[in-house]
Amino acid sequence: MQAREMLAIGLVAVPGVALGIVGTTHPQVLDPSTAHMWWTMHVALVPVFPLLGLVLVWLVRGRHDPVAWVARVGAYVYATFYTGLDVLAGIAAGRAVELQPEGSPAALAMLRIGNALGDVGSWAYLAAAVATALVVLRRHGIRALPGGVVLVAASVPFLYAHIYWPVGVFSMLGMAVGAALLQGASGLRLPARPTGATVAGVEGTPR
């Protein structure tokens, strides 16, 4: 296996691994004692969550059939709506509780809206994961099956567990493993460097 392929396998696993690590320290509840950590953690996660979708877009690169477009559109819907969850239920609600520890109706309202957006995003991610697995399976055959199964299975707990320990953490790590296995099955597939020219079916060496 080439070094570039190994690098690609590692890179597609990074978002899931990073979110899994962060999830081990994510507060289980939002209250005055956890509010500061809650909202500052979600500030840091704003650029990280969309990377889960970007990985799926990368895995279907070069394919333009309808299933590949389901993967791309699903990844986009996930990235936008889940960012809404991150901002409202994470940053805004956490900051509101920090400023009003005696009780914040605004925080409750933002949590409800954010969770609704997050539901849309997580379902879109599941749809995109299924589509991605199908695209890679159709292109590379049975060797892509383990990665597709792991990716889709890990995406299901994401619907309700976010990145909370323990289920959400293992969901993120499963996404990382599934993406890495799919990348390993497909390979980096960079175009080969040309070594000669072919004209009218006759091979020759370019001057």
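Bear in mind that the values here come from a model prediction, so they are computed numbers and not experimental data.

Looking only at helices and strands, the protein chain has eight helices and two strands in total. Going from the N terminus to the C terminus, the protein chain shows its helices and strands as α-α-α-α-α-α-α-α-β-β. When each of the 207 residues of the protein chain is scored for burial, the buried share is 44%. For the protein chain, the exposed area adds up to about 10,700 Å²; of that, 71% sits on carbon and sulfur atoms.

Time to look at helix α2 (residues 35-45). All of the buried residues in α2 are Ala 35, Trp 38, Trp 39, Met 41, His 42 and Leu 45. When α2 is viewed along its axis, its buried side chains cluster within an angular range of 160° and face the same direction. On its buried face, α2 is in contact with α1 (3-23), α3 (49-59) and α4 (66-99).

Attention now goes to the packing of helix α5 (residues 105-140) against helix α6 (residues 145-155). Remark: α5 packs on α6, axes separated minimally by 9 Å, with the N-to-C direction vectors making an angle of 175°. Taken together, the axes of α5 and α6 are roughly antiparallel relative to one another. On α6, the residues that touch Tyr 125, Leu 126, Ala 129, Val 130, Ala 133 and Leu 137 of α5 are Leu 145, Gly 148, Leu 151, Val 152 and Ser 155.

Let us look at the UniProt feature "transmembrane region" (unreviewed entry) in the protein chain. The positions that UniProt labels "transmembrane region" (unreviewed entry) are, in the present scheme, residues 36-61, 73-93, 113-137 and 144-163. Helix makes up 81% of residues 36-61 and strand 0%, whereas the separation of the span's terminal C-alpha atoms amounts to 40 Å. Secondary structure across residues 73-93 divides into 100% helix and 0% strand, with the first and last C-alpha atoms of the span separated by 28 Å.

The subject of this paragraph is the side chain of Ser 186. The topology assignment puts Ser 186 in helix α8 (residues 167-186). A polar contact is formed between the side chain of Ser 186 and the backbone oxygen of Gln 183, at a distance of 3.2 Å. What Ser 186 contacts, discounting residues up to four positions off in sequence, is Arg 61, Val 136 and His 140.

Before going further, it helps to examine the nonpolar core. Grouped together as the largest cluster of nonpolar side chains are 34 residues, with contacts concentrated most on Leu 19, Tyr 78, Tyr 125 and Met 175. Counting residues per element, the ones that place at least two in this core are α1, α2, α3, α4, α5, α6 and α8. Top contributing element to this core by residue count: α8, with seven residues. Sequence-distant contacts of Tyr 125, defined by excluding residues within four places in its chain, comprise Leu 52, Gly 53, Leu 56, Gly 74, Tyr 78, Leu 151, Ser 155, Phe 158 and Met 175. Counting residues in hydrophobic clusters, the runner-up holds eight residues, among them Leu 30, Ala 35, Trp 38 and Ala 93.

Under the criterion given, the structure shown has seven aromatic pairs. Judged by centre distance (5.0 Å) and plane angle (40°), the rings of Tyr 82 and Phe 158 are tilted. One end of the pair, Tyr 82, is in helix α4; the other, Phe 158, is in helix α7 (residues 158-161), and 76 residues separate them in sequence. Tyr 82 gets classed as buried once you look at its relative accessible area, which sits at 3%.

Before going further, it helps to spend a moment on the pattern of salt bridges. Within the structure shown, the criterion is met by three salt bridges. Residue Glu 98 pairs with Arg 95 through a salt bridge whose shortest N-O separation is 2.6 Å. Note that Glu 98 and Arg 95 are positioned in helix α4 at a spacing of three residues, about one turn of the helix. Overlapping salt bridges, with partners in common, bring together Arg 63, Asp 65 and Arg 138 in one network.

Turning to α6, a few remarks are in order. Think of an α-helix as turning once every 3.6 residues; residues three or four places apart then point the same way. Residues of α6 that are buried include every one of Gly 147, Gly 148, Leu 151, Ala 154 and Ser 155, and no others. For α6, the arc enclosing every buried residue in end-on projection is 145°, short of the 170-degree limit, so these residues lie on one face. Buried residues along α6 sit against α3, α5, α7 and α8.

For the rest of this paragraph, the subject is a nonpolar patch on the surface. Together, Val 17, Ile 21, Trp 165, Phe 170 and Leu 173 line one region of the surface with nonpolar side chains, adding up to about 490 Å² of accessible area. Of all elements in the fold, only α1 and α8 reach the threshold of two or more residues within the nonpolar patch. Topologically, Phe 170 is positioned in helix α8. Residue Phe 170 is classed as exposed on the basis of its relative accessible area of 54%.

Thresholds, definitions, all that
- Residue positions within a chain follow its written sequence, with the count starting from 1.
- The predicted nature of this model means local features are confined to residues of pLDDT at least 70 and side-chain atom pairs, given and counted, to a pLDDT of 80 or more, with totals for whole chains, interfaces and linings taken over all residues.
- Only hydrogens and water are set aside; all other atoms, that is, all heavy atoms of the structure, feed into the side-chain values.
- Put simply, DSSP H or I for four residues or longer makes a helix, DSSP E for two residues or longer makes a strand, and each gets a number counted from the N terminus.
- Residue burial is assigned from relative accessible area. The probe radius is 1.4 Å, only protein chains are included, and a residue is buried under 20% of its type maximum, exposed over 50%, and partly exposed in between.
- Accessibility throughout is a Shrake-Rupley quantity obtained with a 1.4 Å probe, and a residue counts as covered only by protein chains that appear here.
- Directions pointing from the helix axis toward each C-beta atom define the arc.
- Note on definitions: a residue-residue contact is assigned when non-hydrogen atoms from the two residues lie within 4.5 Å.
- Axes here refer to lines fitted to C-alpha atoms; in helices the fit is confined to the stretch in contact. Angles between the N-to-C directions go from 0 to 180 degrees.
- Roughly parallel covers angles under 35 degrees, roughly antiparallel covers those over 145, roughly perpendicular covers 65 to 115, and oblique covers all other angles.
- UniProt positions are given in the numbering used here, feature names are shortened, and annotations may be inferred rather than shown by experiment.
- Each polar contact in these results corresponds to two N or O atoms within 3.5 Å; when the atoms are within protein, one needs to be able to donate a hydrogen and the other to accept it, and residues that are neighboring in sequence are counted only if both atoms are side-chain atoms.
- Working definition of a nonpolar core: buried Ala, Val, Leu, Ile, Met, Phe, Trp, Tyr and Cys residues. They are joined through side-chain atoms within 4.5 Å.
- To pair, rings of Phe, Tyr and Trp, with the six-membered ring standing in for Trp, must have centres within 6.5 Å; the planes then decide the type, stacked if under 30 degrees apart, edge-to-face if over 60, and tilted in the middle.
- We define a salt bridge as a contact between a side-chain nitrogen of Lys or Arg and a carboxyl oxygen of Asp or Glu at a distance within 4 Å.
- A residue counts toward a patch only above 30% relative accessible area and without a salt bridge, and it is joined to like-charged neighbours within 9 Å or, for Val, Leu, Ile, Met, Phe, Trp and Tyr, to nonpolar neighbours within 5 Å.

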